[in-house]
Every structure is written in C-alpha cells, then in structure tokens.
Amino acid sequence: MSKHKPFKIAVIPGDGIGREVMPEGLRALQAAAARFDIALELTHIDWASCDYYLAHGQMMPADWKAQLQGMDAILFGAVGWPATVPDHISLWGSLLKFRREFDQYINLRPVRLFEGVPCPLAGRQPGEIDFFVVRENTEGEYTNLGGRLFEGTERELVVQESVFTRHGTERVLRYAFELARARARKQLTVATKSNGIAISMPWWDERAAEMAQAYPEVAVDKQHIDILCARFVLQPQRFDVVVASNLFGDILSDLGPACTGTIGLAPSANLNPERSYPSLFEPVHGSAPDIYGKNIANPVAMIWSAALLLDFLGCRPAHDAMLAAIEQVLAHGPRTPDLGGSASTTEMGCAIAELIAG
Ligand code: ATP
Ligand code: MG
C-alpha cells in the first residue's frame, strides 16, 4: 500500500500519434508507479481532440476547467488534425487555454545526449550534455501590444511591445535558481541581450542579480543570447540550468534538443510550480498525420514527458529509472524507424516499460 493520497492525473491523448504514444506513456508510468509504490488515479479524457471538435463544434466541453482543476497533472499526447480542423482552432481551443488559464508560467525542456541517437555535434560523449532550459511562458516578447501606422506609405512603421512584470520575471528566475540549487553542479546561465535591448533586458539582469543574493551556492553566469546560441553548439557541456525570457527561451528550447539530435524525442513540461493549478506534460512533437495509424511513432518523447510528470510530483527515483530505461533502449534497441530501426511503437514502449519495472 502506498503511503500517499493517489496523484490525480488527467490523461488526454488528443489526436493522431498522440493516441499511439499515450498507451506507451501510461505503460511506462504504471511500471514506475508499481516499482516505486506510487498511487495514481487516472482520468481518461477524450476531448481536446479534433474528433471531439467535429462532433461538438468546440475542442472542449464548457466545464473543462472545473473537470481538470482538481488534478495534480495532465499528461497530454498531441493535438491537431489539419485535414479537418485548422491548427489555430485546435491549438487555441485546447493547449493554449490550459497554459493561460492554469498559469503554467514555466516551460521546462531537458536537453540530454543519448547513446544511439545520431548527434549533429562531432565528438560528444553521452553523459557530457545534460541540462535544462527554463523558458518564461506567459509574458515578455509575446504580446499583442502594438500596431501598424501609415500603411502602404513611405512613413509606414510597425511597433510591437514587450511586457516584463516584476511578478512574472521574479517567479521564473526563482524557479530557475531553485532548480539550479537542487542540482549537483548548481550553475545557472541567465540569457540576456542588455547590450542591444536597452530597457527591458538591463532590468531583467538586475532582477537576476538581485535574486542571486539569496542563492549564494548557485554560480550565475549572464550571457547574451547570440553568444549563448553559439555556445549551445560549441560548448554544450558547460550548461546546467539556463533561464530565458519567452522569446529567447523559445529559441533555446528548440536549439538545445537539436544539438543533441533529440528534437523528435523531446518532452516538455508546462508548470505551475505552486500547484495552484495542474501542470501539463507533453511531447514536443505534434500529431504527425503522415505516420498515424502505422504503429511506428517513437514513444520516447511521451515516456520522457511522463517521467517529468513524476519528477514534478516529487518522485525523483521513478523519474531516474524511467530515464535510465529510455537510455538503455535508445542505445541497444528495439528502435522505431525514425531511429533507423524496425520496431513498432508498442515494441519500443514495452521494452522501456520492462526495464522500468526492474
Ligand atoms: P506541430 O504540432 O508543432 O504543428 P508539426 O505538425 O509541424 O508539429 P509533427 O506532427 O511533430 O509536426 O511532425 C513533424 C514530422 O516529424 C513528421 O514527418 C512526423 O512524422 C515526424 N514525427 C513527429 N513525431 C514523431 C514521432 N514520435 N515518431 C516518429 N516521427 C515523428
Ligand atoms: Mg501539427
């Protein structure tokens, strides 16, 4: 018998290969739960999918928020089926609503080099690259503030504002400092561009410097986004935790996995760290209509997302066992066709789950 109240998890497969990789995510999650004595209460949800939209004219029921509010976390597959529902409807009608309404202000992306995954950077050893990108997920450069003036004339101009609030900036920095402090290397890189963006970025740097006072054990390193991108490619081993504004974080959170060849394997977590609302864990890849129905989708991003979910809920050993199993299977197979193998989604998922079960 487990010692804690069951974690309530909403399971939303969504569309396309989301439905094929979700069973593997659950298989792995349940194997970890059994081994580490973690109680789970799963609620399976068929909305937030394009099929639901076609039947009901909306992506989610009116009371979606009430249905999800009491959950500890949401495990999400993928959304989108552009042949029948335009992406802006499926995305804005589901995932982006979760992000906003549940104040998931951290977007967390692990970057890790695995044996068996072709790495575009020459000469890197597995284990050498292992860091997190922490992206601010609610404000910054992504706003709808601004406009166009004098359209079609010589004087035409366009303004797009950024918004940085003290609350929004301090909370993402605090999360990143806490994460860095909890890790072995205790290094935090703060992305900036205060030499070019002369109002908001110096202010961002000041907030980081101020917060650093409270974390004397964390080594802080401020880097301009341009050289930071170069160092992701040239010296990725030097990073531990990297924190960035919405735009810079968006770029870094694709560049990081790209440097390790894992963009198709990448998981992501959209977090409300205070747990006032459920956090959401999902593969970075989409619904992949081109391969749906063949049982060949790679389940690693889904399983890794489930591992991040357990870590977030405080089950670090379960997370580590899941990662170790992923590492083993990537190195020795079975592998799905995207990695040059011939295994099915189910075969790869079962192999990972078996190793997790121990
Ligand atoms: P988004 O959801 O961001 O719009 P997208 O629709 O552009 O993404 P994906 O659905 O991720 O893109 O698919 C991009 C390509 O990667 C496709 O060719 C797809 O088959 C492939 N792909 C995506 N996920 C996987 C996976 N898990 N395993 C194997 N191939 C994948
Ligand atoms: Mg898509």
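Residues numbered from 1 in each chain as written. Chains lettered and ligands numbered in written order. Predicted model: local features only at pLDDT ≥ 70, side-chain atom pairs only at ≥ 80, totals over all residues.

Tell me about the overall build of the protein, and name the residues and values.
Secondary structure assignment for the protein yields 12 helices and 12 strands. For a compact globule of 358 residues, the expected C-alpha radius of gyration is about 21 Å, and the protein comes in at 21 Å, within 12% of that figure. On the principal axes, the C-alpha backbone points of the protein span a range of 55 × 50 × 45 Å. Relative to its 358 residues, the protein shows a buried fraction of 45%. (Helix = DSSP H or I, 4+ residues; strand = E, 2+ residues; numbered from the N terminus. Rg over C-alpha atoms; globule rule 2.2 N^0.38 Å. Buried ≥ 20, exposed ≤ 12 C-beta atoms within 10 Å, placed from the backbone.)

So what's going on with the environment of Arg207? Which residues, and what values?
Secondary-structure assignment places Arg207 in helix 7 (residues 200–212). Between the C-alpha atoms of Arg207 and Glu170, which are 37 residues apart in sequence, the distance is 6.8 Å. Those residues in contact with Arg207 that lie beyond four places of it in its chain are Thr169, Glu170 and Leu173. (Contact = placed C-beta atoms within 7 Å.)

Go over the UniProt feature "domain: Isopropylmalate dehydrogenase-like" (unreviewed entry) in the protein, please, and point to the residues and values.
Per the UniProt entry, the sites bearing "domain: Isopropylmalate dehydrogenase-like" (unreviewed entry) are residues 8–352 in this numbering. For the annotated span residues 8–352, helix accounts for 40% and strand for 19% of the residues, and the straight-line distance between the end C-alpha atoms is 23 Å. (UniProt positions renumbered as here; feature names shortened; annotations may be inferred.)

Tell me about the confidence of the model for the protein, and name the residues and values.
For the protein, per-residue confidence averages 96 on the pLDDT scale, and residues scoring 70 or more make up 99% of the total. With pTM at 0.96, the complex prediction returns an ipTM value of 0.94. (pLDDT = per-residue confidence, 0-100.)

Explain the pairing of strand 8 (residues 187–192) to me, and be specific about the residues and the numbers.
With 5 of its 6 residues buried, strand 8 lies for the most part within the structure. Where strand 8 lies against strand 9 (residues 219–224), 6 bridges are found, and the strand directions are parallel. Residue pairing across strands places Val190 opposite Lys222, the latter belonging to strand 9. In this view, the connection linking strand 8 to its parallel neighbour strand 9 by way of helix 7 has right-handed handedness. Here strand 8 runs beside strand 10 (residues 241–244); their pairing, made up of 3 bridges, is parallel. Its bridge partner being in strand 10, Val190 is matched across the sheet by Val243. (Pairing = 2+ DSSP bridges. Right-handed = clockwise from strand over helix to strand, strands pointing away.)

Quick one: what's the story with the nonpolar core, residue by residue and with numbers?
Ala32, Val134, Ala176, Val243, Ala306 and Met322 are the most contacted members of the largest nonpolar core, which totals 105 residues. No other element matches the 10 residues that helix 10 (residues 300–312) contributes to this core. When residues no more than four places from it in sequence are discounted, the contact partners of Ala32 are Ile38, Leu310, Ala318, Ala321, Met322 and Ile356. (Core = buried A, V, L, I, M, F, W, Y, C linked by C-beta atoms within 7 Å.)

Which residues make up the packing of helix 1 (residues 18–36) against helix 10, and what values go with them?
Packed helices, taken two at a time, are described by their axes: the angle between them and the distance between them. It is at 8 Å that the axes of helix 1 and helix 10 come closest, and there the two elements cross at 40°. Relative to helix 10, the element helix 1 is oriented oblique. Note that helix 1 runs across helix 10; the crossing there is right-handed. Between helix 1 and helix 10, the residues in contact are Val21, Met22, Glu24, Gly25, Ala28, Leu29 and Ala32 and Met302, Ile303, Ser305, Ala306 and Leu310, respectively. Taken together, the residues that form the contact of helix 1 with helix 10 break down as 9 nonpolar, 2 polar and 1 charged. (Axes fitted to C-alpha atoms, helices over the stretch in contact; angles between N-to-C directions. Parallel < 35°, antiparallel > 145°, perpendicular 65-115°, else oblique. Left-handed = near helix turned anticlockwise from the far one by under 90°. Nonpolar A, V, L, I, M, F, W, Y, C, P; charged D, E, K, R; others polar.)

With reference to specific residues and values, describe the site of ligand 1.
The full set close to ligand 1 counts 13 residues, and His285, Gly286, Ala288, Asn298 and Asp338 are the nearest of them. Residue composition of the shell around ligand 1, grouped by class: 5 nonpolar, 6 polar and 2 charged. (Near = placed C-beta within 6 Å.)

Quick rundown of the sheet that holds strand 4 (residues 106–112)? Include the residues and the values.
Pairing within the open sheet is mixed, and its 10 strands lie in the order 2-1-3-12-11-4-5-10-8-9. Edge positions in the sheet fall to strand 2 (40–44) and strand 9, since each of these pairs with one other strand and no more. The average undirected angle you get between the axes of adjacent strands in this sheet is 20°. Where strand 3 (residues 73–78) and strand 12 (residues 279–283) come together, 3 bridges link them in parallel fashion.

Break down the packing of helix 1 against helix 12 (residues 345–357) for me, citing the residues and quoting the values.
Running from amino to carboxyl end, helix 1 crosses helix 12 at an angle of 10°, the nearest separation of the two axes being 8 Å. In terms of axis orientation, helix 1 runs roughly parallel to helix 12. On the side of helix 1, the interface is formed by Glu20, Val21, Glu24, Arg27, Ala28, Ala31, Ala32, Ala34 and Arg35, while helix 12 contributes Thr345, Gly349, Cys350, Ile352, Ala353, Ile356 and Ala357.

Summarise helix 6 (residues 166–182); cite the residues concerned and give the values.
Its 17 residues give helix 6 an end-to-end C-alpha distance of 24 Å, which sits within 8% of 24 Å, the value for a rise of 1.5 Å per residue. Listing the buried residues of helix 6 in full gives Thr169, Val172, Leu173, Tyr175, Ala176, Phe177, Leu179 and Ala180. In this structure, the buried side of helix 6 is in contact with strand 4, strand 5 (130–136), strand 8, helix 7 and strand 10. (Expected span 1.5 Å × (residues − 1).)

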